[in-house]
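One-letter residues, chain by chain:
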Amino acid sequence: MNGIASLLGPPLADTYDPTPLYFRVQERILAAIETDLLKPAEALPGERDIAEGLGISRVTVRKAIAGLVEKGLLTQRQGSGTFVVGRRQRMEQRLSRLTSFTEDMRLRGLKPSTHWLNRDVSLPTPDEAMRLSLSPSETVVRLKRLRIANDVPMAIETAVIPSRYLPKPEAVVASLYDALEANGCLPVRALQRLRAAILTPAEAALLEVPPGSPALAIDRMSYLENGAPVEFTRSTYRGDTYDFVAELNLRRE
Ligand code: 16G
């Protein structure tokens, strides 16, 4: 086995995988970093060696490396090569604590930000009206946002809130939960349903991953102290960056 094969695996080109080649090169490099074959501060093999070892063009290798440099996982020093900065972080969300995206990211020392996709007030769909115990004429605020952590897109979220709990939708600046708290309507309990999903091309473009990538689809129903439903949110999280962790206790009756 040559050096590249033991580091990055066998040639890539002659398989029927529809995933873009540069992305598969990135996955190989990230796997080598995650398994400690490539350690922080260690140099990546030269572009030509990687291209030859994986049986692909140097242009593809360059594109793969540029993407990882942009994400801060590799760094390039003029004249001396490309070096490993660190590992791709998988995030964990504890399923036993009710936190907002903003709080969750801050607790990890990451900078949350939002790209707004839509914000409107409209009538609920029959499904939303049922979930939120609304009469069909009561309006809801619909917030669709791309949630970002340290410039990496993490999830697409559509939150549906009865207007009576959020009379001014523009009050949501960085955090929905901050706005709800300011109105005295912070949820205290939630039920979450998680399932595996495949990203549509539009979702994949927003989350900056190849179309057809895996995702976690999460529905959260949140409730006020008095049991009234205050939020129905559908989130689509990138499958490659998030772990949801549940603590299980054995209860002996
Ligand atoms: C989380 C919640 C979402 C909630 C949002 C509020 C999950 C799966 N979903 O993303 O239901 O609307 O936090 O975040 O965790 P914000 O206060 O930062 O807007």
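In this convention, every chain numbers its residues from 1, walking through the sequence in written order. Restriction of local features to residues with pLDDT of at least 70 applies here, the model being predicted, together with a cutoff of 80 or more for giving and counting side-chain atom pairs; totals for whole chains, interfaces and linings are based on all residues. Side-chain figures throughout are based on the complete set of non-hydrogen atoms in the structure, without hydrogens or water.

1. With respect to the sheet that holds strand β8 (residues 214-223)
Consideration 1: The criterion for strand pairing is that DSSP finds at least two bridges linking the strands in question. Only DSSP runs of H or I covering at least 4 residues are called helices, and only runs of E covering at least 2 are called strands; the numbering of each starts at the N terminus. One open sheet holds the six strands; their spatial order is β4-β5-β6-β9-β8-β7, and the pairing between them is antiparallel. Because the sheet does not close on itself, it has two edges, and the strands there are β4 (112-122) and β7 (189-198). Strand after strand, the sheet turns through a mean of 15° between neighbouring axes, direction not considered.
Consideration 2: Where strand β6 (residues 152-162) and strand β9 (residues 229-238) come together, six bridges link them in antiparallel fashion. Its bridge partner being in β9, Ile156 is matched across the sheet by Thr236. Helix axes are fitted to C-alpha atoms over the stretch in contact, other axes to C-alpha atoms as well, and angles between N-to-C directions run from 0 to 180 degrees.

2. Observations concerning helix α3 (residues 47-54)
Consideration 1: Taken residue by residue, α3 has Ile50, Ala51, Gly53 and Leu54 as its buried positions.
Consideration 2: Whether two residues touch is decided by their heavy atoms; if any such pair falls within 4.5 Å, the residues are in contact. In this structure, the buried residues of α3 make contact with α1 (3-8), α2 (21-34) and α4 (58-70).
Consideration 3: Looking one or two residues beyond α3, the residue adopting positive phi is Gly55, at roughly 70°. Relative accessibility decides the category of a residue: with a 1.4 Å probe and only protein chains considered, values under 20% of the type maximum give buried, values over 50% give exposed, and everything between is partly exposed.

3. Considerations on the domain arrangement of the chain
Consideration 1: Per the annotation, domain bounds derive from an automatic or database assignment of domains. Partitioning the chain into structural domains gives domain 1 (2-84) and domain 2 (91-245).
Consideration 2: Inter-centroid distance (C-alpha atoms) of domain 1 to domain 2 is 35 Å.

4. Some details on the nonpolar core
Consideration 1: Within this scheme, the nonpolar core is defined by two criteria: the residues are buried Ala, Val, Leu, Ile, Met, Phe, Trp, Tyr or Cys, and they are joined through side-chain atoms within 4.5 Å. In this structure, Leu8, Ile29 and Ile50 are the most contacted members of the largest nonpolar core, which totals 22 residues.
Consideration 2: In contact with Ile29, not counting residues within four places along its chain, are Leu8, Leu38, Leu44, Ile65 and Leu68.
Consideration 3: Tyr165, Leu166, Tyr177 and Val230 belong to the second-largest nonpolar core, a separate cluster that totals 15 residues.

5. Description of the side chain of Arg147
Consideration 1: Topologically, Arg147 is positioned in strand β5 (residues 140-149).
Consideration 2: When its relative accessible area of 3% is taken as the criterion, Arg147 is described as buried.
Consideration 3: Polar contact is defined as a pair of N or O atoms within 3.5 Å, subject to the rule that within protein one atom must be able to donate a hydrogen and the other to accept it, and that residues adjacent in sequence are counted only when both atoms are side-chain atoms. Within polar-contact distance, the side chain of Arg147 engages the side chain of Glu157 at 3.0 Å.
Consideration 4: Not counting chain neighbours up to four residues away, the residues in contact with Arg147 comprise Phe101, Thr102, Ser113, Thr114, Val152, Pro153, Met154, Ala155, Glu157 and Ala174.

6. What to know about the site of the ligand
Consideration 1: Looking at the ligand, there are 17 residues lining it, with Thr102, Glu157, Ser175, Leu176 and Glu231 nearest.
Consideration 2: With respect to the ligand, the side chain of Arg145 contributes an N or O atom lying 2.9 Å from an oxygen atom.
Consideration 3: A distance of 2.4 Å is found between an oxygen atom of the ligand and a side-chain nitrogen or oxygen belonging to Glu231.
Consideration 4: Computed with a 1.4 Å probe, the accessible areas rest on the Shrake-Rupley method; for each residue, only the protein chains presented here act as cover. Protein chains bury 100% of the 460 Å² of accessible surface belonging to the ligand in isolation.
Consideration 5: At the level of elements, α5 (101-107), β5, α7 (176-182), β8 and β9 are the ones that each hand at least two residues to the shell around the ligand.
Consideration 6: If you tally residues by element for the shell around the ligand, the top one is β9, at four residues.
Consideration 7: Considering only residue class, the shell around the ligand consists of five nonpolar, seven polar and five charged. Near, as used in this document, describes a residue that has one of its heavy atoms within 4 Å of the molecule or strand being considered. Residues are sorted three ways: Asp, Glu, Lys and Arg are charged, Ala, Val, Leu, Ile, Met, Phe, Trp, Tyr, Cys and Pro are nonpolar, and all the rest, Gly among them, are polar.

7. So, unusual backbone geometry
Consideration 1: The backbone of Ser133 shows a phi angle near 50°, a positive value even though the residue is not glycine.
Consideration 2: With respect to the secondary-structure elements, Ser133 resides in the loop between α6 (126-131) and β5.

8. Considering the packing of aromatic side chains
Consideration 1: Pairing of aromatic side chains requires ring centres within 6.5 Å, counting the rings of Phe and Tyr and the six-membered ring of Trp. Pairs whose planes differ by under 30 degrees are stacked, by over 60 edge-to-face, and all others tilted. The final tally for this structure, using the stated rule, is zero aromatic pairs.
Consideration 2: Across the ring face of Tyr22, the terminal group of Lys63 is positioned such that the distance to the ring centre comes to 4.3 Å.
Consideration 3: Should the NZ of a Lys or the CZ of an Arg lie within 6 Å of a ring centre and within 35 degrees of the ring normal, that charge is described as sitting over the ring. Positioned over the ring face of Trp116 is Arg145, at 5.6 Å from the centre of the ring.

9. Quick notes on the pattern of salt bridges
When the charged atoms of two side chains with opposite charge come close together, those side chains can pair.
Consideration 1: Definition used for salt bridges: Asp or Glu carboxyl oxygen within 4 Å of a side-chain nitrogen of Lys or Arg. As enumerated under the stated definition, the model contains nine salt bridges in all.
Consideration 2: Residues Arg238 and Asp240 are paired through a salt bridge, measuring 3.0 Å at the closest nitrogen-oxygen approach.
Consideration 3: Taking relative accessible area as the criterion, Arg238 reaches 5% and is therefore assigned buried.
Consideration 4: Linked through salt bridges whose partners overlap, the residues forming this network are Glu47, Arg58 and Arg62.

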